[in-house]
Amino acid sequence: MVGNHAQLAEVMGAPYRILGGGSNLVVADEGLSERVIRLGGQFAATDLNADLALSTPGQLVTGWVGGGVPLPGLLRKLQRLGYSNLEGTVGIPAQLGGAIWMNAGTRFGEAFGGLHSLEIVSPQGTRTVTPDELPWSYRDSGIPRNHIVTRARLKLWRSSPEVVQERMDAADIARKGQPKNRTPGCAFKNPALADGKRLGAGKLFDEAGLKGSRVGNAMIALEHANFIVNLGGATAADVHALLGLMRERVGVALELEYELWS
Ligand code: EPU
């Protein structure tokens, strides 16, 4: 656990990888040789209240949140305070920094939708950038792999707890048919067509008859075919084999949504 900039600079002196919430990740069965960095301490702090006291309904406010702050708890806090703009990321079991790094989202919104600016630490130092300085897109921030999102300044609308809750409920309904446990989430990004529209990867795998397909103890979920679930003791090799089968069975180029560490 790394809690401040001095500690971060020290651990970044040797090869490292950055763990967010770890929920979108499959780690190689043989383990890793690099150090794994997880943010805590100062990087798990939230400072939202200064603006709130001064703001009025409908007003745009900003507040800093650490990259190590868990997204579900942050959304609960924003709902209680009546801050709107991140509701579309409801149900994503990430830390804020990881969610931003991969621009996690749903059909109702993505991490970059609620961002004013972000602090990024790399071996070259610390910089603060705005989203328009990054080549971000669907499920991609454009931030290089060894760069760490240590803090984000959120861009939020002052609303009411009731309205924020309604928006969260609407986004949550779309996740009702998805498996919630023992899965790293959607395996592949929804592939883009030439006109920019996206095909549902889950629907493609479903139509290819893949639901319930199994390698070892990894199985393509019966509820949604873009999810691989661990039936208990599945290995990374099982997951890789299933991912290979999924690619093979649909005739479209597919990009992984998971992080695979090997
Ligand atoms: N569908 C099927 N069979 C399946 C799965 C889906 O027919 O096995 C159909 C559904 O019935 C629906 C359509 O495909 O008509 C779209 O399905 P869904 O609403 O689940 O949306 P999705 O495009 O498959 C995306 C995100 C999810 C997010 C949901 C809801 C991606 C890769 N997936 O799924 O995000 O939760 O929308 O907002 O963008 C994730 O990023 O890990 C993730 C799960």
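Quick note: structure is the one above.
This write-up is about the structure you can find in this document. As the structure is a prediction and not an experimental result, all values here were calculated from the model.

### Here we look at the overall build of the protein chain
When helices and strands are tallied, the protein chain shows seven helices and 15 strands. Taking 262 residues into account, the globule formula puts the C-alpha radius of gyration at 18 Å, and the protein chain, at 19 Å, falls close to it. Principal-axis analysis of the C-alpha atoms places the extent of the protein chain at approximately 55 × 45 × 35 Å.

### Details of the pattern of salt bridges
Should their charged atoms come close, side chains of opposite charge can pair. With the rule as written, the count across this model stands at eleven salt bridges. Lys189 is the salt-bridge partner of Glu255, the closest N and O atoms lying 3.0 Å from each other. Taken together, the residues Glu255 in the loop between helix H7 (236-249) and strand S15 (259-261) and Lys189 in the loop between helix H5 (161-173) and helix H6 (201-207) connect sequence positions 66 residues apart. Take Lys189: its relative accessible area is 11%, and that puts it in the buried class. A network of salt bridges, in which partner residues are shared, links Asp172, Arg175 and Lys176.

### Some points on the site of the ligand
With respect to spatial proximity, 21 residues lie near the ligand, and among them Arg107, Tyr138, Cys186, Asn190 and Asp206 are the closest. At a separation of 2.9 Å, an oxygen atom of the ligand approaches a polar backbone atom of Cys186. For the ligand, whose accessible area on its own is 830 Å², the fraction buried by protein is 76%. Those elements that provide at least two residues to the shell around the ligand are strand S7 (105-106) and H6. At three residues, H6 tops the list of elements feeding residues into the shell around the ligand. Of the residues that constitute the shell around the ligand, the class distribution is six nonpolar, eight polar and seven charged.

### Concerning the environment of Gly142
Residue placement: Gly142 occurs in the loop between strand S10 (125-129) and strand S11 (148-158). According to the relative accessible area criterion, Gly142 is partly exposed, its value standing at 30%.

### Quick notes on the nonpolar core
Counting residues in each nonpolar core, the largest one holds 34 residues, and the members touching the most others are Leu74, Leu78, Leu96, Ile100, Leu118, Ile143 and Leu154. The set of elements that each furnish at least two residues to this core consists of strand S5 (60-66), helix H3 (71-81), helix H4 (96-101), strand S9 (115-122), S11 and H5. In terms of nonpolar packing, the next biggest core, distinct from the first, is built from 19 residues, Ala187, Phe188, Leu204 and Met246 among them.

### Structural notes on the layout of surface pockets
Volume-wise, the second largest pocket comes out at about 180 Å³. As for the second largest pocket, its lining consists of 14 residues, of which Trp101, Met102, Arg139, Lys189 and Glu259 are closest to the centre. Taken together, the residues of the lining of the second largest pocket break down into five nonpolar, two polar and seven charged.

### A word on the environment of Met246
Along the chain, Met246 falls in helix H7. A residue is classified by how much of its surface remains accessible, and Met246, at 0% relative accessible area, is buried.

### Regarding the packing of H3 against H5
The contact between H3 and H5 brings their axes to 6 Å, and the two run at 140 degrees. On the basis of their axis angle, the class for H3 and H5 is oblique. Between H3 and H5, the contacting residues are Leu75, Gln79 and Arg80 on the first element and Pro161, Val164, Gln165 and Met168 on the second. For the contact of H3 with H5, the per-class residue count stands at four nonpolar, two polar and one charged.

### Some points on empty space enclosed by the protein
Tallied over the entire structure, the rule returns one cavity of 30 Å³ or more. Approximately 30 Å³ is the volume attributed to the largest cavity. Taken together, Leu75, Leu78, Tyr83, Ser84, Asn85, Leu86, Glu87, Leu156, Val164 and Met168 make up the full set of residues lining the largest cavity. Breaking the lining of the largest cavity down by element, the ones donating at least two residues are H3, strand S6 (83-84) and H5. Here the lining of the largest cavity is built from residues that sort into seven nonpolar, two polar and one charged.

### A closer look at the sheet that holds strand S13 (residues 218-220)
One open sheet holds the three strands; their spatial order is S12-S13-S14, and the pairing between them is antiparallel. Lying at the two open borders of the sheet, with one neighbouring strand each, are strand S12 (214-215) and strand S14 (228-230). Relative to S14, S13 runs antiparallel, the two sharing three bridges. For Ile220, the partnering residue across the bridge sits in S14 and is Ile228. Lying over the sheet, H7 contacts S12, S13 and S14, oriented at roughly 25 degrees with respect to S13.

Analysis parameters
- Residue indices follow the written sequence of each chain, beginning from 1 at its first position.
- For a predicted model such as this one, the threshold for reporting local features is a pLDDT of at least 70, and the threshold for listing and counting side-chain atom pairs is 80 or more; totals across whole chains, interfaces and linings nevertheless cover every residue.
- The side-chain quantities take in all heavy atoms of the structure and omit both hydrogens and water.
- Secondary structure is summarised from DSSP: a helix means a run of H or I of at least four residues, a strand means a run of E of at least two, and numbering begins at the N terminus for each.
- With C-alpha atoms as the basis for the radius of gyration, the globule rule is written as 2.2 Å multiplied by the number of residues raised to the power 0.38.
- When a carboxyl oxygen of Asp or Glu lies within 4 Å of a side-chain nitrogen of Lys or Arg, that pair is called a salt bridge.
- For each residue, the accessible area found with a 1.4 Å probe, counting protein chains only, is set against the maximum for its type, and the residue is called buried under 20%, exposed over 50%, and partly exposed in between.
- Here a residue counts as near a molecule or strand whenever at least one of its heavy atoms sits within 4 Å of it.
- Each polar contact in these results corresponds to two N or O atoms within 3.5 Å; when the atoms are within protein, one needs to be able to donate a hydrogen and the other to accept it, and residues that are neighboring in sequence are counted only if both atoms are side-chain atoms.
- Shrake-Rupley sampling with a 1.4 Å probe provides the accessible areas, and residues are treated as covered by the protein chains on show and by no other component.
- For this classification, Asp, Glu, Lys and Arg are treated as charged, while Ala, Val, Leu, Ile, Met, Phe, Trp, Tyr, Cys and Pro are nonpolar and the rest, including Gly, are polar.
- Nine residue types can take part in a nonpolar core, namely buried Ala, Val, Leu, Ile, Met, Phe, Trp, Tyr and Cys, and a core is a set of them joined through side-chain atoms within 4.5 Å.
- Cavity: a set of points on a 1 Å grid over the protein atoms alone where a 1.4 Å probe fits but cannot get out. Pocket: an open set with protein on both sides within 12 Å along at least five of seven lines, its lining residues, like those of a cavity, having an atom within 4 Å of a point.
- Grid points are joined across faces, edges and corners, and a volume is the space filled by probe spheres set on the points.
- In this analysis, axes come from line fits to C-alpha atoms, helices being fitted only over the stretch in contact, and the angle between any two N-to-C directions falls in the range 0 to 180 degrees.
- Orientation is classified from the angle alone, with under 35 degrees giving roughly parallel, over 145 giving roughly antiparallel, 65 to 115 giving roughly perpendicular, and any other angle giving oblique.
- Whether two residues are in contact is decided by their heavy atoms: any pair within 4.5 Å suffices.
- When DSSP finds two or more bridges between a pair of strands, those strands are recorded as paired.

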